[in-house]
Amino acid sequence: MGATSSSEPPKTKEKEYHRFQDLFRSVCDGKPDSKISKENFVNHFPAEAQGLTSRLYDLISASGNGQPVTVDLCSKTLDRIARTTTSSAQVQFYLKLFSKNGEKIAKDDCLELLNTAYYFHSLTSSIKFESTSKDETTLDVITDTILLQAGVDGCAEWIDQNCPDLLTGMHLWLMKKLNGQDISSQSTTLATIPDGCILNGILWWVLSSTFPSMYSQPSNQGSASNQTHAGDKQSWTSLYTSGEHGLSVNRFQHHVFSYRGPTVLLITCEDSYSFALAVDTEWRGWNNIMGRSELLLCSDVSRVQST
């Protein structure tokens, strides 16, 4: 039998890059051998991502061994990043990306990474906290705690053990942006924090990255889909604060015990020692056992170390 012919046009090399076609059309003409300048690449992303995308371009450039950055080269590197699907692998990748030599990360670089991660976590979760003076202090303490570990590998291990989803929101945003999805138009909920409450935006981000998803992801019961995504978050509603309701066991019981759902209790002692207790059941009388498999205690929240 003779060879059959097809009416479909032959596949072109350009079709291999359809995953990032919006990016390539924005920064060049999209052809595989087209060159991409660093300025065009970085300017494709919002200013808040400049530190991230500038380093990302340098990584792509380094993979070419001195050759110009082309669509082909860029696509291969971005595809490898897109296949980094586990939170531990993502943490390892971004820590190395922000480090000077892939082995040790400086404090300024770590702060920039965490600031970037927090900003884009807020975008993907559609929750925004008003900035307070506590944010900078909390972020500085968390950075110092991470950097107590030995090198990038030690920092990555600490984050993976204590706050595994710390960089997930940033990675999710980057993947959506690279795939041409605009999430900047999503509605954003402004979370309010009562006066005197020790919670702030940075601490909420860290704790929601530490605790099981039931404490921060919205319930999908009754919805068409029962799946939630890593970026789906909901802000916490204050049930009780000692500054507003009074430092009293009876007042605490009155405001908290009637709530039927998981709760997070933040306590600061006179010596500034603090901890967070995540309870996965409703609160019951003091003589009853509370909590199931996802009850968690974080000792000394100022250092966000789980026990």
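Nothing here was measured: the structure is a model prediction, and the numbers come from that model.

A short note on the overall build of the chain
The helix and strand inventory of the chain stands at 12 helices and 6 strands. Look at the contacts in the chain between residues 6 or more apart in sequence, and 64% of them connect residues 24 or more apart. Counting every atom, the chain has about 16,900 Å² of accessible surface; 47% of that belongs to carbon and sulfur.

Looking at a negative patch on the surface
Taken together, the side chains of Glu-103, Asp-153, Glu-157 and Asp-160 define an acidic patch exposed on the protein surface. Positionally, Asp-153 belongs in helix H8 (residues 151–162).

Side note on the packing of helix H7 (residues 133–147) against H8
Remark: H7 packs on H8, axes separated minimally by 8 Å, with the N-to-C direction vectors making an angle of 120°. Classed by the angle they form, the pair H7 and H8 counts as oblique. Residues Thr-145, Ile-146 and Leu-147 of H7 lie in contact with H8, whose contacting residues are Cys-155, Trp-158 and Ile-159. Of the residues assigned to the contact of H7 with H8, the class counts are 5 nonpolar, 1 polar and no charged.

Description of the nonpolar core
Among the nonpolar cores identified, the biggest contains 66 residues, and Ile-36, Phe-41 and Trp-205 are the most heavily contacted of them. If one sorts the elements of this core by residue count, helix H6 (residues 107–125) sits on top with 7 residues. Once residues within four sequence positions are removed from consideration, Trp-205 is found in contact with Leu-114, Ala-117, Tyr-118, His-121, Leu-139 and Leu-166.

Quick word on the confidence of the model for the chain
Across the chain, pLDDT averages 81, with 78% of residues at or above 70. Across residues 1–16 the pLDDT falls below 50, and counting only partners more than four positions away or on other chains, this stretch makes 5 contacts in the model. Here residues 221–229 is a poorly scored stretch, pLDDT under 50, and it has 7 contacts once near neighbours within four places are set aside; other chains count.

Quick notes on H7
Residues separated by three or four positions in an α-helix point in the same direction, a consequence of the helix having 3.6 residues per turn. Relative to the 21 Å expected for 15 residues at 1.5 Å per residue, H7 spans 22 Å between its end C-alpha atoms, a close match to the ideal helical length. For H7, the set of buried residues is Asp-135, Thr-138, Leu-139, Ile-142, Thr-143, Thr-145 and Ile-146. Relative to the axis of H7, the buried residues are bounded by an arc of 160° and lie together on one face. Exposed residues pointing more than 90 degrees away from the buried face of H7 are listed as Ser-133 and Glu-136.

What to know about the packing of aromatic side chains
Per the stated rule, a full pass over the model turns up 12 aromatic pairs. Where Phe-93 meets Tyr-94, the ring centres are 4.9 Å apart and the plane angle is 75°; that geometry is what we call edge-to-face. Neither Phe-93 nor Tyr-94 differs from the other in exposure class; each is buried. Between Tyr-119 and Phe-120, the aromatic rings sit 4.9 Å apart at their centres with planes inclined by 90°, giving edge-to-face as the arrangement. Take Tyr-119: its relative accessible area is 33%, and that puts it in the partly exposed class. Three or more aromatic residues joined by ring pairs form one cluster here, namely Phe-41, Phe-45, Tyr-57, Tyr-119, Phe-120 and Trp-173.

The rules behind each value
- Residues numbered from 1 in each chain as written.
- Predicted model: local features only at pLDDT ≥ 70, side-chain atom pairs only at ≥ 80, totals over all residues.
- Heavy atoms only, no water.
- Helix = DSSP H or I, 4+ residues; strand = E, 2+ residues; numbered from the N terminus.
- Contact = heavy atoms within 4.5 Å.
- Areas by Shrake-Rupley, 256 points an atom, 1.4 Å probe, with all protein chains shown as cover.
- Patch = residues over 30% accessible without salt bridge, like charges linked within 9 Å, V, L, I, M, F, W, Y side chains within 5 Å.
- Salt bridge = Lys/Arg side-chain N within 4 Å of Asp/Glu carboxyl O.
- Lys, Arg positive; Asp, Glu negative; His and termini not counted.
- Charge placed at Lys NZ, Arg CZ, Asp CG, Glu CD.
- Axes fitted to C-alpha atoms, helices over the stretch in contact; angles between N-to-C directions.
- Parallel < 35°, antiparallel > 145°, perpendicular 65-115°, else oblique.
- Nonpolar A, V, L, I, M, F, W, Y, C, P; charged D, E, K, R; others polar.
- Core = buried A, V, L, I, M, F, W, Y, C linked by side-chain atoms within 4.5 Å.
- Buried < 20%, exposed > 50% of the residue type's maximum accessible area, 1.4 Å probe, protein only.
- pLDDT = per-residue confidence, 0-100.
- Expected span 1.5 Å × (residues − 1).
- Arc of directions from axis to C-beta.
- Phe/Tyr/Trp six-rings, centres within 6.5 Å; stacked < 30°, edge-to-face > 60°.

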